Amino acid sequence: MKVVVLNASPRRDGNSAAMSAQAALGAQRAGHEVDTFFLIDHVQGMLGDCRTCRDGEGRCSIGDGYEQLLTEHVAPADAVIFATPLHYYGMTARLKAFIDRLFCYTANSAPDAERILESLPDKRVGLLISCEETYPGATLGLLAQVQEFTRYNRQELVGVVVGISNSRGEVRHDPTRPLDRAYQLGQRLFEAHVTDYRFDTPRSNKVWLADGVPADPSVR
Ligand SMILES: Cc1cc2nc3c(=O)[nH]c(=O)nc-3n(C[C@H](O)[C@H](O)[C@H](O)COP(=O)(O)O)c2cc1C
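The rules behind these values
- The written sequence of each chain sets the order in which its residues are numbered from 1.
- Only residues with pLDDT of at least 70 are given local features in this predicted model, and only at 80 or more are side-chain atom pairs given and counted; all residues enter the totals for whole chains, interfaces and linings.
- Processing note: side-chain calculations cover all non-hydrogen atoms of the structure and skip hydrogens and water entirely.
- Stacked, edge-to-face and tilted labels apply to pairs of Phe, Tyr and Trp rings (six-membered ring for Trp) whose centres lie within 6.5 Å, assigned for plane angles under 30 degrees, over 60, and everything in between, in that order.
- Helical segments are the DSSP runs of H or I of at least four residues, strand segments are the runs of E of at least two, and each set is numbered from the N terminus.
- Buried residues are those whose accessible area, probed at 1.4 Å on protein chains only, stays under 20% of the maximum for their type, while exposed residues exceed 50% and partly exposed ones sit between those limits.
- A cavity here means a set of 1 Å grid points, computed over protein atoms only, where a 1.4 Å probe fits but cannot escape. A pocket is an open set with protein on both sides within 12 Å along at least 5 of 7 lines, and lining residues have an atom within 4 Å of a point.
- Grid points are joined across faces, edges and corners, and a volume is the space filled by probe spheres set on the points.
- When residues are sorted by character, Ala, Val, Leu, Ile, Met, Phe, Trp, Tyr, Cys and Pro go into the nonpolar class, Asp, Glu, Lys and Arg into the charged class, and all the rest, Gly among them, into the polar class.
- The charge count treats Lys and Arg as positive and Asp and Glu as negative. His and the chain ends do not count.
- A carboxyl oxygen of Asp or Glu within 4 Å of a side-chain nitrogen of Lys or Arg is what we treat as a salt bridge.
- Here a polar contact is recorded for every N or O atom pair within 3.5 Å, except that within protein the pair must consist of a potential hydrogen donor and a potential acceptor, and residues adjacent in sequence are included only if both atoms are side-chain atoms.
- For this analysis, residues touch if any pair of their heavy atoms sits within 4.5 Å.
- When DSSP finds two or more bridges between two strands, those strands count as paired.
- Here an axis means a line fitted to C-alpha atoms, over the contact stretch when the element is a helix, while the angle between two N-to-C directions is reported on a 0 to 180 degree scale.
- Where a domain begins and ends is set by an automatic assignment or by a domain database.
- Residues form patches when they are more than 30% accessible in relative terms and have no salt bridge. Like charges link within 9 Å. Nonpolar side chains (Val, Leu, Ile, Met, Phe, Trp, Tyr) link within 5 Å.
- For the accessible areas, the method is Shrake-Rupley and the probe is 1.4 Å, while residue cover comes only from the protein chains on display.

1. Comments concerning the packing of aromatic side chains
In step 1: Scanning the entire structure with this criterion turns up three aromatic pairs.
In step 2: With centroids separated by 6.5 Å and ring planes inclined at 65 degrees, the aromatic side chains of Phe82 and Phe149 adopt a geometry described as edge-to-face. With a gap of 67 residues between them, Phe82 in strand E3 (residues 79-85) and Phe149 in helix H7 (residues 140-152) connect regions that are remote in the sequence.
In step 3: Looking at Phe82, the relative accessible area reads 5%, which means it is buried.
In step 4: A connected cluster of aromatic rings, assembled from ring pairs, spans Tyr66, Phe98 and Tyr105.

This is the structure:
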């Protein structure tokens, strides 16, 4: 499977980078093809007014590497792992710009909209968050946004790892072992049991038959 890791921190040697490296390693060791990108290299502009931004052929004219990142790497991927520091209780502005600019490629007026729209559903998505605060409320807004974003795109949010840290690389000292959990998230991206019950969902009263073996893999 093809996995893309998108690191949204401005720091290349920071805590998100440490977590995303572990997730990438886990996915690689599980046999997947993994490419890691720093958004700082590809996303310079924010969403503008498409009526003034589009060129004569209707293409987005924001001249950075976004189009190449989206069309050549993210669209063909089977899974995407977002790694972001918490900035004022949300994702970084660069990750938000990455998400907002999907609009330029999926709106009815975009030339290749069909191809990009077709690529969105069924991707597996992982989320890695690095932040200073341990208070669970700190990450709720970011988590809710990614949850709704993936639900809207008919994608599976497979797992979320929060690593408590501030200085570069100190996430390795977090006793809740976020680096190990990031590794496992990468390793189990395509196997993780993702469920979404409703009260009337027919299901067994057991979740697991044995270690890691879901009682009913068809239940969502
Ligand atoms: C602009 C900015 C805003 C931040 N806001 C928060 C915050 O709201 N809550 C928090 O716990 N940490 C906050 N932090 C701390 C970072 O999330 C933390 O240092 C993180 O480990 C950085 O990850 P990185 O090394 O991948 O950039 C903020 C840091 C910056 C630079």
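2. Some remarks on the layout of surface pockets
In step 1: Counted as a void, the largest pocket has a volume near 420 Å³.
In step 2: For the lining of the largest pocket, the secondary-structure elements that each account for two or more residues are H7 and strand E5 (156-164).
In step 3: The element best represented in the lining of the largest pocket is H7, accounting for five residues.
In step 4: For the lining of the largest pocket, the class distribution of residues is three nonpolar, four polar and eight charged.

3. A short note on the side chain of Lys123
In step 1: As for its placement among the helices and strands, Lys123 is situated in the loop between helix H6 (113-119) and strand E4 (124-131).
In step 2: One buried charged residue, Lys123, remains without a salt bridge, the closest side chain of opposite sign being Asp78 at 6.8 Å.
In step 3: Within polar-contact distance, the side chain of Lys123 engages the backbone oxygen of Ala75 at 2.7 Å.
In step 4: Lys123 has contacts with Val74, Ala75, Pro76, Ala77, Asp78, Val80, Gln155 and Glu156, leaving out every residue within four places of it along the chain.

4. Considering the sheet that holds strand E1 (residues 2-7)
In step 1: Spatial strand order, E2-E1-E3-E4-E5: five strands in an open sheet with parallel pairing. Each edge of the sheet is formed by a strand with only one pairing partner; in this case those strands are strand E2 (33-38) and E5. When strand polarity is set aside, the average angle formed by the axes of neighbouring strands in this sheet is 15 degrees.
In step 2: As judged from the eight bridges shared by E4 and E5, these two strands associate in the parallel manner.

5. Things to note about the side chain of His42
In step 1: With respect to the helices and strands, His42 occurs in the loop between E2 and helix H2 (50-53).
In step 2: When neighbours within four sequence positions are excluded, His42 is seen to be in contact with Phe37, Asp64, Gly65, Tyr66 and Leu69.

6. Some words on the domain arrangement of the protein chain
In step 1: Taken domain by domain, the protein chain holds domain 1 (2-189) and domain 2 (193-220).
In step 2: Computed from C-alpha coordinates alone, the two centres of domain 1 and domain 2 are separated by 28 Å.

7. Some details on unusual backbone geometry
In step 1: Even without being a glycine, Tyr89 presents a positive backbone phi close to 70 degrees.
In step 2: Note on placement: Tyr89 falls in the loop between E3 and helix H4 (93-100).
In step 3: With a phi close to 55 degrees, Arg154 is a non-glycine residue in the positive phi region.
In step 4: Positionally, Arg154 belongs in the loop between H7 and E5.

8. A short note on a nonpolar patch on the surface
In step 1: Nonpolar side chains collect at one region of the surface, where Tyr197, Val207 and Trp208 lie side by side and expose about 270 Å² of accessible area between them.
In step 2: Of note, Tyr197 is situated in the loop between helix H8 (178-187) and strand E6 (208-210).
In step 3: A relative accessible area of 33% places Tyr197 in the partly exposed class.

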